[in-house]
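Analysis of the macromolecular model
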Amino acid sequence: MITLTVNDTVHELDLDPRTSLLDALRDHLALTGTKKGCDHGQCGACTVLVNGRRINSCLTLAIMHEGDAVTTIEGLGTPEALHPMQASFLDHDGFQCGYCTPGQIVSALGMLDEFRAGWPSHVSESLDGGTELSDEEISERMSGNICRCSAYPNIVHAIRAARDERADKGESEERT
Amino acid sequence: MREFAYSRAGDLEEAGRLAEEQAGRFIAGGTNLLDLMKLEVETPKALVDVSRLPLGEISPTEDGGLRIGAMVTNADLAADQTVRRDYPVLSRALLAGASGQLRNKATTGGNLLQRTRCYYFYETSAPCNKRNPGSGCAALDGFNRIHAILGTSDQCIATHPSDMAVAMLALDASVETRLPDGGSRTIALKNFHRLPGQTPEVESNLQPGELITSVVLPPPPKGRHIYRKVRDRASYAFALVSVAAIVAVENGKIASARLAFGGLAHKPWRDRAVEEALIGQEPSEALFEEAADLLLKEAAGHGHNDFKIPLGRRTLIAVLSEATKEAAQ
(Lines give C-alpha, C1' and ligand atoms only; values in the text may rest on other atoms or scores of the structure.)
Protein backbone atom coordinates (compact mmCIF):
# COMPACT_ATOMS: atom_id res chain seq x y z
CA MET A 1 0.00 0.00 0.00
CA ILE A 2 1.20 3.50 -0.71
CA THR A 3 -0.08 6.81 0.56
CA LEU A 4 -0.72 9.50 -2.02
CA THR A 5 -1.85 13.04 -1.18
CA VAL A 6 -3.83 14.57 -4.02
CA ASN A 7 -5.60 17.93 -3.76
CA ASP A 8 -5.20 17.83 0.04
CA THR A 9 -6.87 14.41 0.33
CA VAL A 10 -4.85 11.43 1.54
CA HIS A 11 -5.44 8.17 -0.35
CA GLU A 12 -4.24 4.65 0.47
CA LEU A 13 -3.61 2.75 -2.74
CA ASP A 14 -2.47 -0.75 -3.59
CA LEU A 15 -0.52 -0.17 -6.79
CA ASP A 16 1.70 -2.17 -9.10
CA PRO A 17 5.10 -0.41 -8.95
CA ARG A 18 4.82 0.17 -12.71
CA THR A 19 1.85 2.54 -12.23
CA SER A 20 2.68 6.04 -13.40
CA LEU A 21 1.42 8.95 -11.34
CA LEU A 22 -0.85 9.74 -14.28
CA ASP A 23 -2.44 6.28 -14.29
CA ALA A 24 -2.83 6.36 -10.51
CA LEU A 25 -4.75 9.62 -10.79
CA ARG A 26 -6.96 8.57 -13.69
CA ASP A 27 -7.49 4.84 -13.18
CA HIS A 28 -7.31 4.50 -9.39
CA LEU A 29 -8.59 7.85 -8.11
CA ALA A 30 -10.97 8.66 -11.00
CA LEU A 31 -9.38 12.07 -11.36
CA THR A 32 -9.71 12.10 -15.13
CA GLY A 33 -9.18 15.83 -15.56
CA THR A 34 -5.48 15.12 -16.03
CA LYS A 35 -5.18 13.85 -19.60
CA LYS A 36 -3.06 11.19 -21.24
CA GLY A 37 -1.78 12.47 -24.58
CA CYS A 38 1.50 10.94 -25.67
CA ASP A 39 2.40 9.15 -22.39
CA HIS A 40 6.05 9.96 -23.15
CA GLY A 41 6.56 13.45 -21.76
CA GLN A 42 6.31 15.17 -25.11
CA CYS A 43 2.86 16.81 -25.03
CA GLY A 44 2.30 18.12 -21.48
CA ALA A 45 -1.40 17.10 -21.31
CA CYS A 46 -0.63 15.20 -18.09
CA THR A 47 0.93 18.17 -16.27
CA VAL A 48 0.32 18.27 -12.50
CA LEU A 49 1.95 20.14 -9.65
CA VAL A 50 4.05 18.14 -7.21
CA ASN A 51 4.99 20.19 -4.16
CA GLY A 52 4.09 23.25 -6.23
CA ARG A 53 6.30 22.36 -9.22
CA ARG A 54 4.86 21.42 -12.61
CA ILE A 55 5.90 18.00 -13.92
CA ASN A 56 4.77 15.40 -16.48
CA SER A 57 2.78 12.88 -14.43
CA CYS A 58 3.24 10.26 -17.17
CA LEU A 59 7.02 10.16 -16.64
CA THR A 60 7.09 9.40 -12.95
CA LEU A 61 6.02 6.45 -10.82
CA ALA A 62 3.21 6.96 -8.29
CA ILE A 63 5.22 4.96 -5.78
CA MET A 64 7.96 7.62 -5.88
CA HIS A 65 5.56 10.30 -4.60
CA GLU A 66 4.61 9.11 -1.13
CA GLY A 67 4.41 12.15 1.11
CA ASP A 68 4.41 14.61 -1.78
CA ALA A 69 1.55 17.08 -2.31
CA VAL A 70 0.02 16.49 -5.76
CA THR A 71 -2.30 19.13 -7.25
CA THR A 72 -4.40 18.32 -10.31
CA ILE A 73 -6.85 20.43 -12.32
CA GLU A 74 -9.61 19.18 -9.98
CA GLY A 75 -7.81 20.84 -7.09
CA LEU A 76 -7.86 24.30 -8.63
CA GLY A 77 -11.52 25.26 -9.00
CA THR A 78 -15.03 23.90 -9.39
CA PRO A 79 -17.58 24.52 -12.16
CA GLU A 80 -19.30 26.94 -9.79
CA ALA A 81 -16.13 28.64 -8.62
CA LEU A 82 -13.52 28.57 -11.35
CA HIS A 83 -9.91 29.31 -10.63
CA PRO A 84 -9.01 32.65 -12.28
CA MET A 85 -6.76 30.82 -14.76
CA GLN A 86 -9.63 28.52 -15.73
CA ALA A 87 -11.94 31.54 -16.14
CA SER A 88 -9.33 33.29 -18.25
CA PHE A 89 -9.06 30.33 -20.66
CA LEU A 90 -12.86 30.55 -21.11
CA ASP A 91 -12.85 34.34 -21.49
CA HIS A 92 -10.07 34.26 -24.09
CA ASP A 93 -11.17 31.12 -25.93
CA GLY A 94 -7.85 29.47 -25.07
CA PHE A 95 -8.75 26.10 -26.61
CA GLN A 96 -10.67 24.33 -29.33
CA CYS A 97 -11.10 20.64 -28.51
CA GLY A 98 -10.05 21.16 -24.90
CA TYR A 99 -8.00 18.01 -24.49
CA CYS A 100 -4.74 19.79 -23.69
CA THR A 101 -6.46 22.47 -21.58
CA PRO A 102 -6.11 20.99 -18.07
CA GLY A 103 -2.38 20.50 -18.71
CA GLN A 104 -2.09 24.02 -20.13
CA ILE A 105 -3.81 25.55 -17.09
CA VAL A 106 -1.82 23.61 -14.49
CA SER A 107 1.40 24.25 -16.40
CA ALA A 108 0.59 27.98 -16.63
CA LEU A 109 0.23 28.20 -12.85
CA GLY A 110 3.53 26.42 -12.30
CA MET A 111 5.14 28.63 -14.94
CA LEU A 112 3.92 31.86 -13.29
CA ASP A 113 5.35 30.74 -9.96
CA GLU A 114 8.70 30.09 -11.70
CA PHE A 115 8.54 33.53 -13.30
CA ARG A 116 7.73 35.21 -9.97
CA ALA A 117 10.70 33.40 -8.41
CA GLY A 118 12.86 35.25 -10.95
CA TRP A 119 13.78 32.25 -13.08
CA PRO A 120 15.10 33.27 -16.51
CA SER A 121 14.18 31.42 -19.70
CA HIS A 122 15.91 30.53 -22.95
CA VAL A 123 14.62 33.76 -24.56
CA SER A 124 15.45 36.08 -21.64
CA GLU A 125 17.94 38.72 -22.72
CA SER A 126 19.61 38.63 -19.31
CA LEU A 127 19.92 35.91 -16.68
CA ASP A 128 19.33 38.37 -13.84
CA GLY A 129 15.59 37.64 -13.65
CA GLY A 130 14.52 41.22 -14.31
CA THR A 131 12.64 40.31 -17.47
CA GLU A 132 9.08 41.22 -18.50
CA LEU A 133 6.64 38.38 -19.11
CA SER A 134 6.26 39.09 -22.83
CA ASP A 135 4.28 36.89 -25.20
CA GLU A 136 7.62 35.47 -26.37
CA GLU A 137 8.52 34.58 -22.77
CA ILE A 138 5.12 32.91 -22.22
CA SER A 139 5.47 30.87 -25.43
CA GLU A 140 8.97 29.71 -24.53
CA ARG A 141 8.07 28.84 -20.95
CA MET A 142 4.96 26.94 -22.13
CA SER A 143 6.72 24.98 -24.88
CA GLY A 144 6.26 21.72 -22.96
CA ASN A 145 2.51 21.91 -23.62
CA ILE A 146 1.44 21.02 -27.15
CA CYS A 147 -1.97 22.05 -28.52
CA ARG A 148 -3.05 19.86 -31.44
CA CYS A 149 -5.65 22.47 -32.44
CA SER A 150 -2.94 25.14 -32.37
CA ALA A 151 -4.88 27.52 -30.12
CA TYR A 152 -1.57 29.01 -29.04
CA PRO A 153 -2.33 32.72 -29.60
CA ASN A 154 -5.36 32.60 -27.30
CA ILE A 155 -3.59 30.38 -24.77
CA VAL A 156 -0.93 33.08 -24.49
CA HIS A 157 -3.65 35.76 -24.18
CA ALA A 158 -5.43 33.79 -21.46
CA ILE A 159 -2.27 33.31 -19.43
CA ARG A 160 -1.23 36.93 -19.79
CA ALA A 161 -4.69 38.17 -18.78
CA ALA A 162 -4.84 35.90 -15.72
CA ARG A 163 -1.43 37.08 -14.71
CA ASP A 164 -2.31 40.76 -15.25
CA GLU A 165 -5.53 40.36 -13.26
CA ARG A 166 -3.62 38.86 -10.37
CA ALA A 167 -1.02 41.63 -10.57
CA ASP A 168 -3.81 44.26 -10.54
CA LYS A 169 -5.29 42.76 -7.40
CA GLY A 170 -1.88 42.58 -5.81
CA GLU A 171 -2.49 38.96 -4.96
CA SER A 172 0.57 36.94 -4.15
CA GLU A 173 -0.95 33.50 -3.82
CA GLU A 174 -4.39 32.46 -4.92
CA ARG A 175 -4.09 28.77 -5.52
CA THR A 176 -4.95 27.73 -2.01
CA MET B 1 6.52 -2.14 -19.19
CA ARG B 2 8.24 -5.21 -17.79
CA GLU B 3 7.87 -5.98 -14.08
CA PHE B 4 10.54 -4.80 -11.69
CA ALA B 5 11.18 -4.75 -7.97
CA TYR B 6 11.11 -1.26 -6.44
CA SER B 7 13.00 -0.10 -3.39
CA ARG B 8 13.82 3.31 -2.00
CA ALA B 9 17.28 3.95 -0.62
CA GLY B 10 17.45 5.79 2.70
CA ASP B 11 21.14 6.60 2.43
CA LEU B 12 24.12 6.14 0.13
CA GLU B 13 25.22 2.90 1.77
CA GLU B 14 21.77 1.40 1.33
CA ALA B 15 21.63 2.59 -2.29
CA GLY B 16 24.87 0.77 -3.03
CA ARG B 17 23.79 -2.37 -1.20
CA LEU B 18 20.37 -2.51 -2.89
CA ALA B 19 21.87 -1.96 -6.32
CA GLU B 20 24.38 -4.75 -5.73
CA GLU B 21 21.92 -7.25 -4.19
CA GLN B 22 19.29 -6.76 -6.87
CA ALA B 23 21.53 -5.88 -9.80
CA GLY B 24 19.21 -2.91 -9.95
CA ARG B 25 19.26 0.37 -11.82
CA PHE B 26 19.24 3.68 -10.01
CA ILE B 27 16.28 5.97 -10.70
CA ALA B 28 16.19 9.68 -9.82
CA GLY B 29 14.08 11.99 -12.02
CA GLY B 30 13.20 9.03 -14.22
CA THR B 31 12.20 11.16 -17.21
CA ASN B 32 14.38 9.22 -19.65
CA LEU B 33 14.54 5.81 -17.97
CA LEU B 34 10.76 5.43 -17.54
CA ASP B 35 10.18 6.54 -21.11
CA LEU B 36 12.54 3.79 -22.29
CA MET B 37 10.99 1.24 -19.92
CA LYS B 38 7.53 1.90 -21.37
CA LEU B 39 8.93 1.02 -24.80
CA GLU B 40 10.83 -1.95 -23.29
CA VAL B 41 14.09 -0.56 -24.64
CA GLU B 42 15.15 -0.68 -20.99
CA THR B 43 14.02 -3.71 -18.96
CA PRO B 44 15.63 -3.47 -15.51
CA LYS B 45 14.79 -6.23 -13.04
CA ALA B 46 14.95 -3.80 -10.14
CA LEU B 47 14.86 -0.05 -9.58
CA VAL B 48 16.61 1.59 -6.65
CA ASP B 49 15.03 4.99 -6.00
CA VAL B 50 17.79 7.44 -5.09
CA SER B 51 15.66 10.56 -5.54
CA ARG B 52 15.46 11.24 -1.80
CA LEU B 53 19.14 10.89 -1.03
CA PRO B 54 20.62 14.07 0.46
CA LEU B 55 22.40 15.09 -2.75
CA GLY B 56 20.32 18.16 -3.54
CA GLU B 57 22.70 20.92 -2.50
CA ILE B 58 24.74 23.39 -4.54
CA SER B 59 27.70 24.56 -2.46
CA PRO B 60 31.02 26.36 -2.94
CA THR B 61 34.21 24.28 -2.94
CA GLU B 62 37.33 25.28 -1.02
CA ASP B 63 39.17 26.40 -4.15
CA GLY B 64 36.41 28.74 -5.34
CA GLY B 65 34.52 26.28 -7.52
CA LEU B 66 31.06 24.80 -7.15
CA ARG B 67 29.82 21.37 -6.09
CA ILE B 68 26.44 20.40 -7.57
CA GLY B 69 24.64 17.52 -5.89
CA ALA B 70 23.55 14.74 -8.24
CA MET B 71 19.88 15.23 -7.29
CA VAL B 72 19.81 18.97 -8.04
CA THR B 73 17.15 19.39 -10.71
CA ASN B 74 17.96 20.97 -14.04
CA ALA B 75 15.50 23.76 -13.18
CA ASP B 76 17.14 24.55 -9.84
CA LEU B 77 20.61 24.44 -11.34
CA ALA B 78 19.68 26.82 -14.18
CA ALA B 79 18.09 29.23 -11.68
CA ASP B 80 20.86 29.09 -9.08
CA GLN B 81 22.21 32.60 -8.49
CA THR B 82 25.86 31.54 -8.43
CA VAL B 83 25.50 29.55 -11.64
CA ARG B 84 23.72 32.43 -13.35
CA ARG B 85 26.41 34.91 -12.29
CA ASP B 86 29.61 32.86 -12.56
CA TYR B 87 28.78 30.03 -14.99
CA PRO B 88 26.21 31.58 -17.36
CA VAL B 89 27.09 29.10 -20.13
CA LEU B 90 25.66 26.36 -17.88
CA SER B 91 22.42 28.22 -17.13
CA ARG B 92 21.99 28.94 -20.83
CA ALA B 93 22.62 25.31 -21.82
CA LEU B 94 20.10 24.03 -19.26
CA LEU B 95 17.46 26.56 -20.30
CA ALA B 96 17.93 25.54 -23.93
CA GLY B 97 17.11 21.92 -23.05
CA ALA B 98 13.82 20.06 -22.67
CA SER B 99 10.70 21.77 -21.26
CA GLY B 100 9.77 23.45 -17.98
CA GLN B 101 8.10 20.28 -16.73
CA LEU B 102 11.06 18.06 -17.58
CA ARG B 103 13.63 20.46 -16.10
CA ASN B 104 11.68 20.34 -12.83
CA LYS B 105 12.17 16.57 -12.67
CA ALA B 106 15.42 15.79 -14.46
CA THR B 107 18.50 15.68 -12.24
CA THR B 108 22.15 16.57 -12.70
CA GLY B 109 23.32 12.96 -12.42
CA GLY B 110 20.54 11.61 -14.60
CA ASN B 111 21.11 14.20 -17.30
CA LEU B 112 24.69 12.96 -17.74
CA LEU B 113 23.44 9.39 -18.09
CA GLN B 114 20.53 9.97 -20.46
CA ARG B 115 20.48 7.74 -23.53
CA THR B 116 20.59 8.72 -27.18
CA ARG B 117 17.44 9.68 -29.07
CA CYS B 118 18.47 7.68 -32.16
CA TYR B 119 15.18 6.51 -33.74
CA TYR B 120 16.47 2.96 -34.13
CA PHE B 121 17.56 2.71 -30.49
CA TYR B 122 13.93 3.46 -29.60
CA GLU B 123 12.46 1.07 -32.22
CA THR B 124 12.75 -2.40 -30.73
CA SER B 125 12.04 -4.14 -34.06
CA ALA B 126 15.10 -2.51 -35.67
CA PRO B 127 18.69 -3.68 -35.38
CA CYS B 128 20.70 -1.58 -32.92
CA ASN B 129 24.10 -2.43 -31.50
CA LYS B 130 23.49 -0.16 -28.54
CA ARG B 131 20.21 -1.81 -27.51
CA ASN B 132 21.01 -5.31 -28.73
CA PRO B 133 24.79 -5.73 -29.17
CA GLY B 134 25.74 -7.54 -32.36
CA SER B 135 22.43 -6.92 -34.12
CA GLY B 136 23.75 -4.21 -36.43
CA CYS B 137 23.13 -0.50 -36.91
CA ALA B 138 20.00 0.51 -38.81
CA ALA B 139 21.02 4.18 -38.77
CA LEU B 140 24.12 3.71 -40.96
CA ASP B 141 21.99 3.23 -44.07
CA GLY B 142 18.75 4.51 -42.64
CA PHE B 143 17.34 7.87 -41.59
CA ASN B 144 20.33 9.52 -39.98
CA ARG B 145 19.59 13.22 -40.06
CA ILE B 146 20.20 13.67 -36.31
CA HIS B 147 23.26 11.43 -36.14
CA ALA B 148 26.94 11.93 -35.43
CA ILE B 149 29.65 13.18 -37.80
CA LEU B 150 32.64 12.86 -35.45
CA GLY B 151 34.01 9.91 -33.49
CA THR B 152 31.61 7.38 -35.00
CA SER B 153 32.29 3.69 -35.59
CA ASP B 154 30.92 1.08 -37.97
CA GLN B 155 28.80 -0.12 -35.01
CA CYS B 156 27.02 3.10 -34.00
CA ILE B 157 26.53 6.70 -35.17
CA ALA B 158 24.27 7.87 -32.32
CA THR B 159 24.68 11.24 -30.59
CA HIS B 160 24.60 12.19 -26.93
CA PRO B 161 21.55 14.40 -26.42
CA SER B 162 22.54 16.51 -23.39
CA ASP B 163 22.96 20.28 -23.48
CA MET B 164 24.01 20.47 -19.82
CA ALA B 165 26.94 18.10 -20.32
CA VAL B 166 28.27 20.17 -23.23
CA ALA B 167 28.48 23.28 -21.05
CA MET B 168 30.00 21.26 -18.19
CA LEU B 169 32.65 19.87 -20.53
CA ALA B 170 33.63 23.40 -21.58
CA LEU B 171 33.85 24.25 -17.87
CA ASP B 172 36.25 21.32 -17.17
CA ALA B 173 33.80 19.71 -14.76
CA SER B 174 34.47 16.48 -12.94
CA VAL B 175 32.10 13.80 -11.68
CA GLU B 176 32.25 12.49 -8.11
CA THR B 177 30.93 8.99 -7.49
CA ARG B 178 30.37 6.38 -4.82
CA LEU B 179 31.68 2.95 -5.70
CA PRO B 180 29.83 -0.24 -4.78
CA ASP B 181 32.54 -1.10 -2.20
CA GLY B 182 31.87 2.17 -0.38
CA GLY B 183 34.86 4.04 -1.79
CA SER B 184 34.62 7.16 -3.86
CA ARG B 185 36.39 8.55 -6.90
CA THR B 186 36.49 11.56 -9.19
CA ILE B 187 36.27 11.22 -12.97
CA ALA B 188 37.03 14.18 -15.24
CA LEU B 189 33.96 14.75 -17.38
CA LYS B 190 36.14 14.51 -20.50
CA ASN B 191 36.87 10.90 -19.47
CA PHE B 192 33.32 10.11 -18.37
CA HIS B 193 31.48 9.45 -21.64
CA ARG B 194 32.79 7.01 -24.25
CA LEU B 195 32.93 6.85 -28.01
CA PRO B 196 30.98 3.92 -29.50
CA GLY B 197 33.89 1.88 -30.87
CA GLN B 198 32.98 -1.79 -30.84
CA THR B 199 30.90 -1.51 -27.63
CA PRO B 200 28.30 1.24 -28.18
CA GLU B 201 26.17 -0.27 -25.39
CA VAL B 202 28.75 1.00 -22.87
CA GLU B 203 28.23 4.74 -22.77
CA SER B 204 30.11 5.87 -19.66
CA ASN B 205 33.09 4.70 -17.63
CA LEU B 206 30.96 4.11 -14.52
CA GLN B 207 31.18 0.64 -13.02
CA PRO B 208 28.02 -1.37 -12.33
CA GLY B 209 26.49 -0.05 -9.10
CA GLU B 210 28.60 3.12 -9.12
CA LEU B 211 26.49 6.16 -8.22
CA ILE B 212 27.09 9.76 -9.26
CA THR B 213 27.03 11.88 -6.08
CA SER B 214 27.98 15.29 -7.47
CA VAL B 215 29.47 17.29 -10.31
CA VAL B 216 32.26 19.72 -9.42
CA LEU B 217 33.02 22.86 -11.39
CA PRO B 218 36.45 24.52 -11.08
CA PRO B 219 36.53 28.25 -10.29
CA PRO B 220 34.65 30.20 -12.96
CA PRO B 221 36.75 30.85 -16.09
CA LYS B 222 37.09 34.40 -17.38
CA GLY B 223 35.64 35.44 -20.69
CA ARG B 224 32.38 35.61 -22.61
CA HIS B 225 30.08 32.66 -21.94
CA ILE B 226 27.91 31.63 -24.89
CA TYR B 227 25.69 28.61 -25.54
CA ARG B 228 24.35 28.48 -29.08
CA LYS B 229 21.93 25.70 -29.96
CA VAL B 230 20.68 25.05 -33.48
CA ARG B 231 17.57 22.90 -33.71
CA ASP B 232 14.54 22.16 -35.85
CA ARG B 233 12.13 24.29 -33.82
CA ALA B 234 12.52 27.29 -31.56
CA SER B 235 12.01 25.41 -28.30
CA TYR B 236 11.80 21.93 -26.81
CA ALA B 237 13.93 20.08 -29.38
CA PHE B 238 17.30 18.35 -29.27
CA ALA B 239 20.34 20.05 -30.79
CA LEU B 240 21.38 19.41 -34.35
CA VAL B 241 24.52 21.31 -33.43
CA SER B 242 25.32 23.17 -30.24
CA VAL B 243 28.38 25.09 -29.10
CA ALA B 244 29.36 26.00 -25.55
CA ALA B 245 32.05 28.67 -25.65
CA ILE B 246 34.02 30.55 -23.00
CA VAL B 247 36.38 32.93 -24.73
CA ALA B 248 38.54 35.69 -23.22
CA VAL B 249 40.18 38.41 -25.29
CA GLU B 250 43.02 40.49 -23.85
CA ASN B 251 44.92 43.24 -25.67
CA GLY B 252 43.23 42.36 -28.92
CA LYS B 253 44.23 38.71 -28.80
CA ILE B 254 42.38 35.58 -27.72
CA ALA B 255 43.76 34.78 -24.28
CA SER B 256 41.76 31.64 -23.64
CA ALA B 257 39.18 29.59 -25.47
CA ARG B 258 37.13 26.67 -24.24
CA LEU B 259 34.82 25.11 -26.80
CA ALA B 260 32.56 22.10 -26.47
CA PHE B 261 30.06 20.77 -28.97
CA GLY B 262 26.74 18.91 -28.84
CA GLY B 263 24.91 17.05 -31.57
CA LEU B 264 28.11 16.05 -33.34
CA ALA B 265 29.23 12.90 -31.55
CA HIS B 266 28.44 9.99 -29.22
CA LYS B 267 29.65 12.17 -26.37
CA PRO B 268 29.98 15.89 -25.73
CA TRP B 269 32.88 16.83 -28.01
CA ARG B 270 35.94 18.91 -27.18
CA ASP B 271 39.05 19.29 -29.32
CA ARG B 272 42.04 21.01 -27.72
CA ALA B 273 43.72 21.52 -31.11
CA VAL B 274 40.89 23.89 -32.06
CA GLU B 275 41.36 25.89 -28.86
CA GLU B 276 45.14 26.01 -29.22
CA ALA B 277 44.83 27.32 -32.77
CA LEU B 278 42.86 30.30 -31.43
CA ILE B 279 44.88 31.19 -28.35
CA GLY B 280 47.31 34.08 -28.82
CA GLN B 281 45.77 35.05 -32.16
CA GLU B 282 43.89 38.17 -33.20
CA PRO B 283 40.23 37.37 -33.83
CA SER B 284 39.42 37.28 -37.55
CA GLU B 285 37.12 35.48 -39.97
CA ALA B 286 40.14 33.69 -41.43
CA LEU B 287 41.19 32.46 -37.98
CA PHE B 288 37.69 31.20 -37.25
CA GLU B 289 37.61 29.40 -40.62
CA GLU B 290 40.88 27.73 -39.68
CA ALA B 291 39.42 26.66 -36.31
CA ALA B 292 36.39 25.19 -38.08
CA ASP B 293 38.66 23.33 -40.50
CA LEU B 294 40.48 21.76 -37.56
CA LEU B 295 37.27 20.83 -35.76
CA LEU B 296 35.77 19.18 -38.82
CA LYS B 297 38.80 17.70 -40.55
CA GLU B 298 37.77 14.13 -39.64
CA ALA B 299 34.04 14.77 -39.93
CA ALA B 300 32.06 12.33 -42.05
CA GLY B 301 28.37 12.48 -42.94
CA HIS B 302 26.17 9.46 -43.53
CA GLY B 303 23.72 10.93 -46.03
CA HIS B 304 20.92 12.76 -44.30
CA ASN B 305 23.27 14.34 -41.74
CA ASP B 306 25.80 15.66 -44.27
CA PHE B 307 24.42 19.14 -43.56
CA LYS B 308 25.88 19.02 -40.06
CA ILE B 309 29.37 19.61 -41.47
CA PRO B 310 28.61 23.06 -42.92
CA LEU B 311 26.19 23.75 -40.06
CA GLY B 312 28.85 22.97 -37.47
CA ARG B 313 31.29 25.19 -39.34
CA ARG B 314 28.90 28.15 -39.51
CA THR B 315 27.77 27.77 -35.91
CA LEU B 316 31.33 27.74 -34.60
CA ILE B 317 32.27 30.80 -36.69
CA ALA B 318 29.14 32.66 -35.55
CA VAL B 319 29.85 31.87 -31.89
CA LEU B 320 33.50 32.91 -32.14
CA SER B 321 32.50 36.14 -33.88
CA GLU B 322 30.00 36.92 -31.14
CA ALA B 323 32.44 35.99 -28.37
CA THR B 324 35.17 38.31 -29.69
CA LYS B 325 32.91 41.04 -31.10
CA GLU B 326 33.47 43.71 -28.46
CA ALA B 327 37.23 43.22 -28.46
CA ALA B 328 37.37 43.66 -32.23
CA GLN B 329 35.57 47.01 -32.17
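Residues numbered from 1 in each chain as written. Chains lettered and ligands numbered in written order. Predicted model: local features only at pLDDT ≥ 70, side-chain atom pairs only at ≥ 80, totals over all residues. Heavy atoms only, no water.

Side note on the state of the cysteines
Heads up, the rule is: Here, a disulfide means two cysteine sulfur atoms that sit within 2.5 Å of each other.
Inspection of the entire model under this criterion finds 0 disulfides over all chains. Looking at Cys156(B), it has no disulfide partner, and the nearest cysteine sulfur is the one in Cys137(B), 5.9 Å off.

What to know about the packing of helix α2 (residues 84–91) of chain A against helix α5 (residues 152–169) of chain A
Residue and element names in this part refer to chain A. Test applied: Lines fitted to C-alpha atoms define the axes, with helix axes restricted to the stretch in contact, and inter-axis angles between N-to-C directions lie between 0 and 180 degrees. By the criteria applied, helices consist of DSSP H or I runs no shorter than four residues and strands consist of E runs no shorter than two, each listed in order from the N terminus. Note that the term roughly parallel is reserved for angles under 35 degrees, roughly antiparallel for angles over 145, roughly perpendicular for angles of 65 to 115, and oblique for everything else. Each crossing is labelled by how the near helix is turned from the far one, with a counterclockwise turn of less than a right angle marking it left-handed and a clockwise turn marking it right-handed. Residue contacts are counted whenever heavy atoms from the two residues lie within 4.5 Å of one another. The nonpolar class holds Ala, Val, Leu, Ile, Met, Phe, Trp, Tyr, Cys and Pro. Asp, Glu, Lys and Arg form the charged class, and all remaining residues, Gly among them, are polar.
It is the contact of α2 with α5, at a shortest axis distance of 8 Å, that shows an interaxial angle of 135°. By the angle between their axes, α2 is oblique relative to α5. As for the relative orientation of α2 and α5, their crossing is right-handed in sense. Between α2 and α5, the contacting residues are Pro 84, Met 85, Ser 88 and Phe 89 on the first element and Ile 155, Ala 158, Ile 159, Ala 161 and Ala 162 on the second. Here the residues of the contact of α2 with α5 sort into 8 nonpolar, 1 polar and no charged.

A few points about the domain arrangement of chain B
Threshold: Each domain's extent is set by a domain assignment, obtained either automatically or from a database.
Entries for chain B in the domain assignment read domain 1 (5–52) and domain 2 (224–324). Between the C-alpha centres of domain 1 of chain B and domain 2 of chain B there is a distance of 37 Å.

Quick word on the UniProt feature "domain: FAD-binding PCMH-type" (unreviewed entry) in chain B
What counts, and what does not: UniProt positions are given in the numbering used here, feature names are shortened, and annotations may be inferred rather than shown by experiment.
Taken from the UniProt record, the annotation "domain: FAD-binding PCMH-type" (unreviewed entry) applies to residues 1–222 of chain B. Across residues 1–222 of chain B one finds 26% helix and 16% strand; the C-alpha atoms that close the span lie 48 Å apart.

Focus: unusual backbone geometry
Residues and elements named next belong to chain A. So the rule is basically this: Per-residue accessibility, obtained with a 1.4 Å probe over protein chains only, is compared with the maximum for each type, and a residue is labelled buried under 20%, exposed over 50%, and partly exposed between these values.
Unlike most non-glycine residues, Asp 8 shows phi in positive territory, near 70°. Its location among the elements puts Asp 8 in the loop between β1 (2–6) and β2 (9–13). The class for Asp 8 is exposed, based on a relative accessible area of 75%. Not every positive phi belongs to a glycine, and Asn 51 is a case in point at roughly 50°. For Asn 51, the position within the fold is in the loop between β3 (47–50) and β4 (53–56).

Topic: the pattern of salt bridges
Residue and element names in this part refer to chain B. The line we're drawing: Counted as salt bridges are all cases of a side-chain nitrogen of Lys or Arg within 4 Å of a carboxyl oxygen of Asp or Glu.
Throughout the structure, instances matching the rule amount to 34 salt bridges over all chains. Here Arg 2 makes a salt bridge to Glu 40, at a shortest N to O gap of 3.0 Å. Remark: Glu 40 occurs in the loop between α2 (33–38) and β3 (46–49) and Arg 2 occurs in the segment before β1 (5–8); sequence separation between them is 38 residues. Overall, Glu 40 belongs to the partly exposed group, its relative accessible area being 30%. Here Arg 17 ties to Glu 21 by a salt bridge, and the two come within 3.3 Å at their closest N and O atoms. One end of the pair is Arg 17 and the other is Glu 21, both in helix α1 (residues 12–22) and 4 residues apart, which spans about a single turn. Under the relative-accessibility criterion, Glu 21 is labelled exposed at 54%. Taken together, the shared-partner salt bridges in this structure form one network comprising Arg 25, Glu 42, Arg 115, Lys 130 and Glu 203.

As for the interface of chain A and chain B
This is how the line gets drawn: The term buried area refers to how much accessible surface (probe radius 1.4 Å) is lost by two components on association, counted for both of them together. Polar contacts, as used here, are pairs of N or O atoms within 3.5 Å; protein pairs need one atom able to donate a hydrogen and one able to accept it. Residues neighboring in sequence count only if both atoms are side-chain atoms.
Contacts between the two partners involve 38 residues from chain A and, on the opposite side, 39 residues from chain B. If you sort the residues of chain A by the area they bury against chain B, Arg18(A), Met64(A) and Leu127(A) come out on top, with a joint share of 24%. Across the chain A-chain B interface, the total number found is 4 salt bridges. In this structure, Asp39(A) engages Lys38(B) in a salt bridge whose closest nitrogen and oxygen atoms are separated by 2.9 Å. Our enumeration of links across chain A and chain B arrives at 22 residue pairs in polar contact (both at pLDDT 80 or more). Going through the elements one at a time, β4 and α3 (101–116) of chain A are the ones with two or more residues in the side of chain A that touches chain B. Examining the composition of the side of chain A that touches chain B, we find that 4 residues originate from one element, β4(A), more than from any other. Along the lines of polarity and charge, the residues of the side of chain A that touches chain B split into 10 nonpolar, 18 polar and 10 charged.

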